[in-house]
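Remarks on the overall topology
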Amino acid sequence: MTDYKNLKLIATSSPHIRGNETTRSIMLDVIIALCPALLFACFNFGFRALTVTAVSVIGCVFWEWLYRKLMKKPQSVGDLSAVVTGMLLAFVSPVTIPYWMILVGGFFSIILVKQLFGGIGCNFVNPALAGRAILLASYAGTMTSWIDPISNKAALIGSNADAVTTATPMALLKSGAMESLPSLPNMFVGSIAGSLGEVSAIALLLGGAYLIWRKVINWQTPVAYIATVAVLTFLFPRYGTNVEWMLYNVLGGGLMLGAFFMATDYATSPVTKKGQLIFGVGCGLFTVMIRYFGSYNEGVCYSIMVMNLFVALIDKHTKPARFGVVKSDKKEAAAK
Amino acid sequence: MAQAFFGGVHPHDMKAATNEKAIEQLAPPAEVVIPMSMHFGAPCTPLVKAGDHVKVGQKIGEFRGLGAPIHASVSGKVKVVEPRPYSMGGNMMSVVIENDFQDELSEEVQAPANPDALTVDEMVELVKNAGIVGMGGATFPTHVKISGGIGKVDTVIINGAECEPYITGDHRTMLERPEEIIGGATYLAKMFGVDRVIIGVEDNKQNGIDAMNKVIAEKKAPVVVEALRCRYPQGGEKQLCQAITGKQVPPGGLPSNIGCAVFNINTTCAIYRAITQGMPVVRKIVTVSGSGVVEPKNIECPIGTPVSCLFDACGGLKEGTYKLVMGGPMMGMAQYTADVPVGKGTGAMLAFCENEEQTVAHPQCIRCGKCVAACPMHLEPLFMYQYASRDMLDELNDAHIMDCMECGACAYACPARMHLTHMFKYGKQKLKDKQMAEKAAAEAKKAAEAAKAEKEVAAK
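Computed from a predicted model, the values in this text were never measured in an experiment. (Residues numbered from 1 in each chain as written. Chains lettered and ligands numbered in written order. Predicted model: local features only at pLDDT ≥ 70, side-chain atom pairs only at ≥ 80, totals over all residues. Heavy atoms only, no water.)

**Regarding the pattern of salt bridges**
Within this structure, the stated rule accounts for 22 salt bridges over all chains. In this structure, Glu-380 of chain B engages Lys-319 of chain A in a salt bridge whose closest nitrogen and oxygen atoms are separated by 2.8 Å. Residue Glu-380 of chain B is found in the loop between helix 9 (370-374) and helix 10 (381-389), and its partner Lys-319 of chain A is found in the loop between helix 15 (311-317) and helix 16 (327-335); the two belong to separate chains. Judged by its relative accessible area of 43%, Lys-319 of chain A falls in the partly exposed class. Across the pair Lys-428 of chain B and Glu-406 of chain B runs a salt bridge, and its minimum N-O distance is 3.0 Å. With Lys-428 of chain B in helix 13 (residues 420-459) and Glu-406 of chain B in the loop between helix 11 (393-398) and helix 12 (409-413), this pair connects stretches of sequence that are 22 residues apart. On the basis of relative accessibility, which here comes to 10%, the residue Lys-428 of chain B falls in the buried class. The exposure class of Glu-406 of chain B is partly exposed, given its relative accessible area of 22%. (Salt bridge = Lys/Arg side-chain N within 4 Å of Asp/Glu carboxyl O. Helix = DSSP H or I, 4+ residues; strand = E, 2+ residues; numbered from the N terminus. Buried < 20%, exposed > 50% of the residue type's maximum accessible area, 1.4 Å probe, protein only.)

Structure, rendered in C-alpha cells:
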C-alpha cells in the first residue's frame, strides 16, 4: 500500500491544470501561417527570398540570445518570438536587401525595440515594423528599390545582380499611372513588385485564416483594418473607378501582411475585442491618410506604428462592463 | 438551451474515469477526524471531550453566529479533541473518534411524524439542526440562505452543472438517487413559496437529466430541468444565475439580490434527508480520481474520513504522485498531507502524477488578451496581475479585483503560464488588510476626537 507519510507533495495555488496552448505553440502557429507567403516569395523573387529570410531569422535569434546572455537574464529564444520577428522583418524588406543590412535591422528590432523594454510582451511598437522604419530612414535607396518579378523571371534563380527595377503598385497609384498598373489578378496572386512577403494577397489571406481558425488572433483587428481602407478608398477614389481604386488599395502596399500579421501583434494591440475593432479602424484611417496626403506611397507600416502608441489609451477606455452593473444602474448612479 | 454567460474556458472534462461507476460505500474507517470548521463562518465549539461515547448523528460541535452544527459520523469513543491538519491549510480543532463499528444511531435523530405537514419554520429548523451547508464547496450555511431568502427569492435553482473536470459525484447522484434530489427540490419550493424549482445541468450529463425528468413526471413535482452549455465555470453561482435568468448579480452582492437562490445537488439531497428522516450531514460523496489514482471511483464515506483511506479504497497512489487536491482541479486546494479529513464541502479528492500543472520557469505575459476573454466576471487579469505584483493596491481596487472569484479560468487559458489566480489571492488579501487598517485608523481617529471633545466639554 501507499506510504502516505513519505509522499513528496507540492502545494500550489489553484488551478492545478492548464490549457495546452503555450507562447511557443502560438509563435509556431504564426510561423506556419507565414509559410505560404514565404513559398510564394521564393517563386516570385527567386531563391534569394529564402536566404534573406533565413539570414534575418538567424540574426534576430542571435541578437536575442546574445542580449539575454550578456544581461544574465533567463534565456528566451525558445519561445520562437524572435523567429517570427525575423521572418516579418524580412517580409517587409525588398528582396535585394544586402545581408548585412538585414542583420542591422534585426539588431534594431530585437535589442532596441524589444529587449531594452523588457522582452516579449513589453515592447510598445511592433519590432519588425520599427526595424524596417529605421532601415528605411537609414538606407532609403536600397530599401526602396524594387525588382520587377515579371521581367526578371529568368535571372532570378540565384542572383539579383543585374535585376531590372520597377515601381511598386502603390507608387503608380500615387502618381495616378493607372494604365501601368499590374492586372488585378496579378495583384491578388502577387506577381508584382514590392517587399518580399507582402506581395501575395492570397497567400497572406490563407495564413490569416489559419491564425483565426487556430484562435491565435481575433478577426476584429484585420477585418476592421481592411474594411476601413476598403470603405474609405471606395468612397473617395482618386483615379479610375471606385471599385478598381478600392481593390488596388486593398490588395497592394502590404495591407494584408499588416492587417493579419503586424496589427495583430499581441504586445502592441489592445486586449479587448472592442479595443481591437477601434485599433483596426484607426490603422485603416491612418493608412488611407498617409497614402492620400503623405509623401510616402504606402502607409501600412507607419499607420500601425502610430496606432501602437494609442494602445494604452484604447485599453483604458475599452474595459469590459463590470459584471452585475447594467447601464440603467450607471445612469441612476450618475443622476444621484 | 439556456442563455450563456460571458467568457469561460472549456477544459477536457476527464469525467470518463468515474462517470459510469456507481457510488461505493467505503469500508468503515477505524478513526475519523472531524474538524470544527466545515462551514463558512466561525468554527464550532466542541461539545464532547476525550473519553465520551458518541453515536452517529449526535451533535458534537455547536456554532455561534453564522455557521452550522457538526455531528458525529460514526459511533465510538472520543479519542482526543485537539488541533489537527485540515483541508484549508494549517490546523483546526478537531474531534477524533475511534470507530466501534456498531453504527449506533443517536437518539437525537428523530424523523418528523409527517414531513409533508411541516410549516416553513419547522422545515428551516430541521435544516439548521442537520448542519447542512453548501456542499459544492462554498459551505455557506443552508438554513441562513433559506431564511434570508424567503420573500426575496422568486427563482430557486439547483446547481447540477458540475463544471469542474474529474468530479462526477453529482452526476452519479442524479442517476442513483434522483428521488432524493426531486424530493429536496420540492421541499425547497415549499419553503420559498415558489411554484417551480429549476435544476441546471450541463448538457454532458444527458442520462442524469433523463433520470430526473422521469421522477419529476412520476411525482408531478414542481421542478424543471434545464440543460446548460458545457463551459467552465457554469457551476459558479453567479454564472448559473446569469445563464438561467439572464440577470447579473451586482458587485459584492448575492444571488438573492436578483431574486435567486442556488443550492447544490447534494445539499438538496441533504435537505430531503433532514426533513424526511431528521438525518444530519454525516456522510459525503467524494470522487477520487486523477492520474495518480490507481482505480478512480465515486465513494460515499463518513465525514472526517482521512483522505488516505479513500485512496486506499482506490488501490492506492501511483509512484511519483506529486500533488493531492481536495476539490476540483480548477479551484481545489492542494494538500500537504494525506491526513486531512473529508469535510462537508469535499466533492473530490484528486491525485496527480503527470505534468498537469505545466509550469514554466520564467513566465512572461505576452499580452495576448486570452485571460480577458476567459474571465466570466468581466475583469482584465493581465492588468490585475501587474498591479498585484507591484503592490499597487489602489489600482487593484479600481480594477475590481474583489469581483474575482478565483475560478482559475484566466490562468487555465494563459499560454504564458502566468500565476494569475495565485497573484489575485495575494492581491485580495493585501487589499483586505489595507482596508481593515484604514477602517481601524479611521475609528481610532474618531474615538480620539470624541475623547478630545469630551475633555473640552469637561474643561468648560
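**Points about the interface of chain B and chain A**
The interface is formed by 66 residues belonging to chain B together with 45 residues belonging to chain A. Here chain B and chain A share an interface that buries about 4,700 Å² over both sides, 55% of which is from carbon and sulfur atoms. Per-residue buried area on chain B facing chain A is highest for Gln-364, Ile-366 and Arg-367 of chain B; these three make up 15% of the total on that side. Seen at the junction of chain B and chain A, the total is five salt bridges. The shortest N-O distance in the salt bridge between Lys-5 of chain A and Asp-339 of chain B comes to 3.0 Å. (Contact = heavy atoms within 4.5 Å. Buried area = accessible area lost by both parts, 1.4 Å probe.)

**Section: the domain arrangement of chain B**
Often the size quoted for an interface is simply the accessible area lost on bringing the parts together. Residue and element names in this part refer to chain B. Along its sequence, chain B is carved into domain 1 (15-27 + 109-283) and domain 2 (364-460). On a C-alpha basis, the centres of domain 1 and domain 2 stand 33 Å from each other. Opposite the seven residues of domain 1 that make contact, domain 2 presents seven residues. Regarding the contact of domain 1 and domain 2, the summed buried area is about 520 Å², with carbon and sulfur atoms giving 59% of it. Looking only at domain 1, the three residues that lose the most surface to domain 2 are Tyr-232, Pro-233 and Gln-239, adding up to 61% of its buried area. The tally of links from domain 1 across to domain 2 stands at zero salt bridges. Here domain 1 and domain 2 share two residue pairs in polar contact (both at pLDDT 80 or more) between them. (Domains from an automatic or database assignment. Polar contact = N/O pair within 3.5 Å; in protein donor to acceptor, adjacent residues only side chain to side chain.)

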